[in-house]
Structures are given as structure tokens and as C-alpha cells.
Amino acid sequence: MATLSVTNPTLADWSKVLDPNGSIAQVIGLLSQMNEITDDMVWNEGNLPTGHRTSVQTSLPTGTWRRFNEGIVPTKSTSTQITDSCGMLETYSEIDKALADLNGNTAAYRLSEDRAFLEGLTQQLAGVLFYGNTATNPERFMGFSPRYNTTSTATSQTANNFISGGGAGSDNTSIWLVGWGDLTVHGIFPKGSKAGLSMKDLGEQTLLDAAGNRYQGYRTHYKWDAGLTVRDWRYVVRIGNIDVSDLAGATPADLVKLMMRAMNKIPNIKMCKPAWYMNRTVKQWLDIQRNLGAAVSNTTNNSNIRRTLDESDGRIFDSFGGIPIRKCDQITLAEATVS
């Protein structure tokens, strides 16, 4: 049985603390329906107005094996500071008042529009979470891919947690294993601000059409300040270079074997809240490999690793190795080969 709940705060937890009247809680409830990653992602308030500064340990102290009448060499740990910034994602929803009032249930009509905006914004956030790069888009935040984008340990120590699926070309994708936690990997929001997406009803406003003519309408403001901190790089594993076209061919990547390797990269699974992330195409082929086993060309005999459904807090979800599997279609099928 996979475990979902730990002591680290998710958006749902923050909503209970910050919004006793329930309006933000309703928004966060809708977000979890739009994007499953919000069920897992741990959030903490940053220690900076624009982000979060973290001290990351880079080496451990060592002891000395000594003999009688010999001294020991003093040692210490070393660390470095990393500053992660938050991005500001904002938009407005504007609806013609006459149209919204037409069916006699203005609130229901506006909620239907709110759902579309919420889905669009959560998809944007998920896309930046995996692919955001402040070197090319400084207004956003640094996502996972730029941090785990090499197979060379001489370039980055995160290469130790990059597992290649053997693909080439530009039609690759990735599976991510993320161990969320206060001391491992978590989302951040600016100091003094609210966690998650805020939605403010600005009520009836005089709006302008494309020609600059006025009409009465309703306006809603959406704002989400968010960022990502990887305090311990060992708690994120990227299975990259998974050739999408090969999954349906004679020599597909063995997804089960790759995911087993990824699980053993995490130092201590009990110290975090782990979850798998993949798009629905990869999830489909994972299910096929788990259920057909050796009948799938070039894969190990996985017939004893069936698809398993678990339940927690009234929710049913798929899992692998006791870790929840989340579908995230913002993980693209067109990644370049990582070398």
C-alpha cells in the first residue's frame, strides 16, 4: 500500500492554516483535480521576499584512525548557499455580465470559467516545474530539467541521478522520481505571501472590447508566486533519453528495470514523500510492460510486477514499488538527447 500523507505541508495543508473562510481551500481543491502533482508537492515559505536561500552540504566531516600517542586531524563539513527565485504567474478572467447572468445562475457560470483558468495555470506551473530555465526565461523559476541535464559527473554531481533509457534524437521523454520533503525537495513561495494560487473576485467592472468600446462585465484576478528548491539533489532521479517511438517498436526501453534502478538511487525513502511523474504515453507503455512481461520485446520478465491500485484518504491511485504514479502531460515527448 502506497503512503500519501506525511508531516510536510502540501497546498491543502496550507489552505487550512491561511484561509479559515474556505475560499482558498476551494481553489486548492480544484487544483488537485486539474493537476495531480499538487497532491504531493511540499510547499514552504521562502526566507526572502523574492525566493529562498538554502545552505546545501557539499561534504561530510571524517574521523581519524589513530594509534596510541598519535593525534587526530581536525575536520569539518563544508556547505554552499544556493538562492532560488520565485516566478510571478498572473492573469485576468473577464466575462460579459449579460452573458453570465443569462441563465439566472451567475456564480455557476463564472465557476465554469474559473475551472478553465485554473487548469491552464496549473499546466503552466507544471511545465515550468519540469523545464523552467532562468537562463533563458529569467521571469520564471528554475525547474528540474536544467538541474539534471548531463550524464557527466565532472559537469554536475546530479549526473549520478540521471539514468539513461538509451534513446537518441529529439523524440525522447523522461520519468521523474521526486522525494518531496522539507529537507530534500520542496516548492517555495515568497516570504510574507500566501501559498498557492490566489483568486480574487473583482466584481462588476467596466470592460473594453477589442475596438476600445465599453461594456459591463465581471473580472477575476489570478496570481501564483512559486518557485522550487532542491536542497538535496540525491532525492530527485531523472530517467531520461526514453525514446518514445521505440516504446512501440522491437527494442523498447525496459521501463520496469529503469524504475527499479531509480528507486535505489534515493538514499532513504522514509525521509521523504516520494512520487513518480510521467506523461500518459509512458504510463500506457509501463502498464503494458508490467502486465505482458517477457511478451514485450527486449524487456525482462515482468509478469509478476502487475499494475497495482492503492487507496488512501478515499482516493484510488496506481503505484510502483509502493510509490504513487502521477500522470503529467507537461512532460514533453520531444526532449533532446542528454549526454
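Structure: above.
Because the structure is a prediction, the values reported are computed rather than measured.

Reading guide: rules and limits
Residues numbered from 1 in each chain as written. Predicted model: local features only at pLDDT ≥ 70, side-chain atom pairs only at ≥ 80, totals over all residues. Heavy atoms only, no water. Helix = DSSP H or I, 4+ residues; strand = E, 2+ residues; numbered from the N terminus. Buried < 20%, exposed > 50% of the residue type's maximum accessible area, 1.4 Å probe, protein only. Contact = heavy atoms within 4.5 Å. Areas by Shrake-Rupley, 256 points an atom, 1.4 Å probe, with all protein chains shown as cover. Core = buried A, V, L, I, M, F, W, Y, C linked by side-chain atoms within 4.5 Å. Expected span 1.5 Å × (residues − 1). Polar contact = N/O pair within 3.5 Å; in protein donor to acceptor, adjacent residues only side chain to side chain. Salt bridge = Lys/Arg side-chain N within 4 Å of Asp/Glu carboxyl O. Phe/Tyr/Trp six-rings, centres within 6.5 Å; stacked < 30°, edge-to-face > 60°. Lys NZ or Arg CZ within 6 Å of the ring centre and 35° of its normal. Pairing = 2+ DSSP bridges.

Draft legend 1. Broad picture of the overall build of the protein. Across its full length, the protein holds 6 helices and 14 strands. Here the protein, with 339 residues, has 45% of them falling under the buried criterion. Put simply, of all contacts in the protein between residues at least 6 apart along the chain, 75% involve residues at least 24 apart. If you sum the accessible surface of the protein, you get close to 17,100 Å²; carbon and sulfur atoms cover 51% of it.

Draft legend 2. Expanded view of the nonpolar core. Formed by 56 residues in total, the largest nonpolar core has its most connected members in Phe144, Trp180 and Trp276. In terms of residue count, helix 4 (residues 106-131) provides more of this core than any other element does, 7 residues in total.

Draft legend 3. Spotlight on helix 4. Between its terminal C-alpha atoms helix 4 stretches 38 Å, which fits the 38 Å expected from 26 residues at 1.5 Å a residue. Within helix 4 the residues assigned to the buried category are Arg110, Asp114, Leu118, Leu121, Thr122, Leu125, Ala126, Gly127, Val128, Leu129 and Phe130.

Draft legend 4. Layout of helix 6 (residues 280-292). With 13 residues, helix 6 should reach 18 Å at 1.5 Å per residue; the first-to-last C-alpha distance of 18 Å fits that figure. Here helix 6 has its buried residues at Val282, Lys283, Trp285, Leu286, Asp287, Gln289 and Arg290. Where helix 6 starts, the residue carrying a side-chain oxygen 3.2 Å from the main-chain nitrogen of threonine 281 turns out to be asparagine 279.

Draft legend 5. Representation of the pattern of salt bridges in the model. Across all of its chains, the model carries 15 salt bridges by this definition. Of the charged contacts in the structure, one is a salt bridge between glutamate 70 and arginine 67, with a shortest N-O distance of 2.9 Å. Assessed through its relative accessible area of 60%, arginine 67 is described here as exposed. Note that arginine 147 and aspartate 84 form a salt bridge whose closest N and O atoms lie 3.2 Å from each other. With a gap of 63 residues between them, arginine 147 in the loop between helix 4 and strand 5 (162-164) and aspartate 84 in strand 3 (residues 78-85) connect regions that are remote in the sequence. Comparing arginine 147 with aspartate 84, the two get one shared label, buried.

Draft legend 6. Broad picture of the packing of aromatic side chains. Per the counting criterion, the structure on display carries 10 aromatic pairs. Measuring from centroid to centroid gives 6.1 Å for tyrosine 148 and tryptophan 176, while their planes differ by 85°, and the two rings are edge-to-face. With a gap of 28 residues between them, tyrosine 148 in the loop between helix 4 and strand 5 and tryptophan 176 in strand 6 (residues 172-180) connect regions that are remote in the sequence. For tyrosine 148, a relative accessible area of 1% translates into the label buried. An aromatic cluster of at least three residues, connected via ring pairs, comprises Phe130, Phe144, Tyr148, Trp176, Trp180 and Tyr277. Against the face of tyrosine 92 rests arginine 219, its NZ or CZ located 5.9 Å from the ring centre.

Draft legend 7. Structural context of the pairing of strand 8 (residues 198-208). Across 9 bridges, the pairing between strand 8 and strand 9 (residues 214-230) is antiparallel. Across the sheet, the residue bridging to methionine 199 is tyrosine 222, located in strand 9. Connecting strand 8 to the next strand, strand 9, in antiparallel fashion are 5 residues, including glycine 212 with a positive phi near 90°.

Draft legend 8. Structural detail: unusual backbone geometry. Unusually for a residue other than glycine, asparagine 69 sits at a positive phi of about 70°. Counting through the fold element by element, asparagine 69 comes out in the loop between strand 2 (51-59) and strand 3. For asparagine 69, a relative accessible area of 82% translates into the label exposed.

Draft legend 9. Just the side chain of arginine 326, in detail. Structurally, arginine 326 can be placed in strand 14 (residues 323-327). Here aspartate 40 takes part through its side chain, which lies 2.9 Å from a polar atom of the side chain of arginine 326.

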